[in-house]
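# A closer look at the structure
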Amino acid sequence: MSISHLQADHVTRRFKIGTDTLTALDDVSVDVAKGEFVTIVGASGCGKSTLLRLLAGLDAATAGQIRHAGADVSEPSLNRGIVFQEPRLFPWLTVEQNVALGLLNTKLVKARKAELVREHLELVGLGGFATVYPHQLSGGMAQRAGIARGLVSRPNVLLLDEPFGALDAITKARLQDELQEIWAKEGVTMVLVTHDVEEAVYLGDRVVVMSPRPGRVREIVPVTLERPRRRTSAETAAVRDRVLTSLHATGEAGTPVSRPAQMPEQVRPRPAIAIAR
Ligand SMILES: Nc1ncnc2c1ncn2[C@@H]1O[C@H](COP(=O)(O)OP(=O)(O)OP(=O)(O)O)[C@@H](O)[C@H]1O
Ligand SMILES: [Mg+2]
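This section reports on the structure supplied with the text. (Residues numbered from 1 in each chain as written. Chains lettered and ligands numbered in written order. Predicted model: local features only at pLDDT ≥ 70, side-chain atom pairs only at ≥ 80, totals over all residues. Heavy atoms only, no water.)

## A short note on the site of ligand 1
Looking at ligand 1, there are 13 residues lining it, with Ser44, Gly45, Lys48, Ser49 and Thr50 nearest. Within the contact set of ligand 1, an oxygen atom lies 2.9 Å away from a side-chain nitrogen or oxygen of Ser49. Protein contacts shield 61% of the accessible area of ligand 1, which totals 630 Å² for the unbound molecule. Among the elements of the structure, strand E1 (4–17), strand E2 (20–33) and helix H1 (48–56) are those that each provide at least two residues to the shell around ligand 1. If you tally residues by element for the shell around ligand 1, the top one is H1, at three residues. Among the residues forming the shell around ligand 1, the class breakdown is six nonpolar, five polar and two charged. (Near = heavy atom within 4 Å. Polar contact = N/O pair within 3.5 Å; in protein donor to acceptor, adjacent residues only side chain to side chain. Areas by Shrake-Rupley, 256 points an atom, 1.4 Å probe, with all protein chains shown as cover. Helix = DSSP H or I, 4+ residues; strand = E, 2+ residues; numbered from the N terminus. Nonpolar A, V, L, I, M, F, W, Y, C, P; charged D, E, K, R; others polar.)

Listed below in structure tokens is the structure:
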């Protein structure tokens, strides 16, 4: 029996552009285990956002299947949170009202919604900023609010599309650490898209390396470094080199340079404080 929790199974996505057809994703298969942190790295235009949108149920595949917890994905679900590259906060709503948008389609009573919003603002370190407006936040704080909105419905999967791409290096490193802590504490399965190889290796249990035109999985690199990881260690640099070599491999785009690694047989146990999702 498969232990895959979220799965792209031979997924192809073509777009019609005028009379032409563009193949954004070509036969992409990725299995994500429950509780795993998978990162996806690739050049601009290789189909990362397209793949994430398909995993979220925001778009439909031309061929192939997306499955989550054994069921076909055909629409968005509160069980799959999404965080975009730009925070996408409504300027006329306060931080807590923006985060509450993640609960829009739930039937929870008002008091429970307020409690969940408060809990998740605390989780991302914005406990004291519930009633401020987005323009009063720094870029990093706005992205934290985006993460809180993605998590507030207690999804078991969080999909992140280059969430730290627009941040300075110091803020980015801090948010990566915070995201990793949230992942360890909450037991949520993470899929993070990035063009930053350092970020992909620092955060991922496995790094999916994509090649462009058409977007394909070139290789899946397992990262067995223990957490917390050291950004500057020789071991980290060695994995980064491997990912970079794969990214820049020449030859026919999409030709696998090695067989994709198998999913880990078992997923790391979670701390006892994990909230049931
Ligand atoms: N709705 C759409 N209609 C037509 N073409 C699209 C659509 N969405 C994506 N594409 C095309 O599919 C390809 C992959 O786009 P995608 O946005 O997934 O790339 P990406 O890897 O996320 O790039 P970036 O790193 O720049 O965000 C691109 O060539 C893009 O032009
Ligand atoms: Mg993108």
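Now that the structure is up, let's keep going.
## Overview of the pattern of salt bridges
Scanning all chains against the criterion turns up 13 salt bridges. Notably, a salt bridge pairs Glu36 with Arg206, separated by 2.5 Å at the nearest N-O pair. Residue Glu36 is located in the loop between E2 and strand E3 (37–41), and its partner Arg206 is located in strand E9 (residues 206–211); the two are separated by 170 residues in the primary sequence. Judged on exposure class, the residue Glu36 and its partner Arg206 are both buried. Across the salt bridge formed by Arg242 and Glu219, the nearest N and O atoms sit 2.6 Å from each other. With Arg242 in helix H7 (residues 234–247) and Glu219 in strand E10 (residues 216–222), this residue pair connects regions lying 23 residues apart in the sequence. (Salt bridge = Lys/Arg side-chain N within 4 Å of Asp/Glu carboxyl O. Buried < 20%, exposed > 50% of the residue type's maximum accessible area, 1.4 Å probe, protein only.)

## Here's the deal with the side chain of His68
Assignment of secondary structure puts His68 in strand E4 (residues 63–68). If sequence neighbours within four positions are ignored, His68 has contacts with His5, Leu6, Val73, Asn79, Arg80, Asn156 and Val157. (Contact = heavy atoms within 4.5 Å.)

## Focus: the pairing of E10
Of all seven residues that make up E10, five are buried, and the element is covered over most of its length. In this antiparallel pair of consecutive strands, E9 and E10, the connection spans four residues, and Arg213 shows a positive phi of 45°. (Pairing = 2+ DSSP bridges.)

## Quick word on the packing of aromatic side chains
Scanning the model with the defined rule gives two aromatic pairs in all. Between Phe37 and Trp183, the ring centres sit 5.5 Å apart and the planes meet at 65°, which makes this aromatic pair edge-to-face. Note that Phe37 is positioned in strand E3 and Trp183 in helix H5 (residues 169–186), a separation of 146 residues in sequence. On the basis of relative accessibility, which here comes to 0%, the residue Phe37 falls in the buried class. Summarising the aromatic geometry, the rings of Phe90 and Trp92 are spaced 5.1 Å apart at their centres and angled 45° between planes, so their arrangement reads as tilted. In this structure Trp92 comes out as exposed when scored by relative accessible area, which is 60%. When the ring centre of Phe84 is taken as reference, the NZ or CZ atom of Arg88 above it lies at 3.8 Å. The ring centre of Tyr202 lies 3.7 Å from the NZ or CZ of Arg231, which sits over that ring. (Phe/Tyr/Trp six-rings, centres within 6.5 Å; stacked < 30°, edge-to-face > 60°. Lys NZ or Arg CZ within 6 Å of the ring centre and 35° of its normal.)

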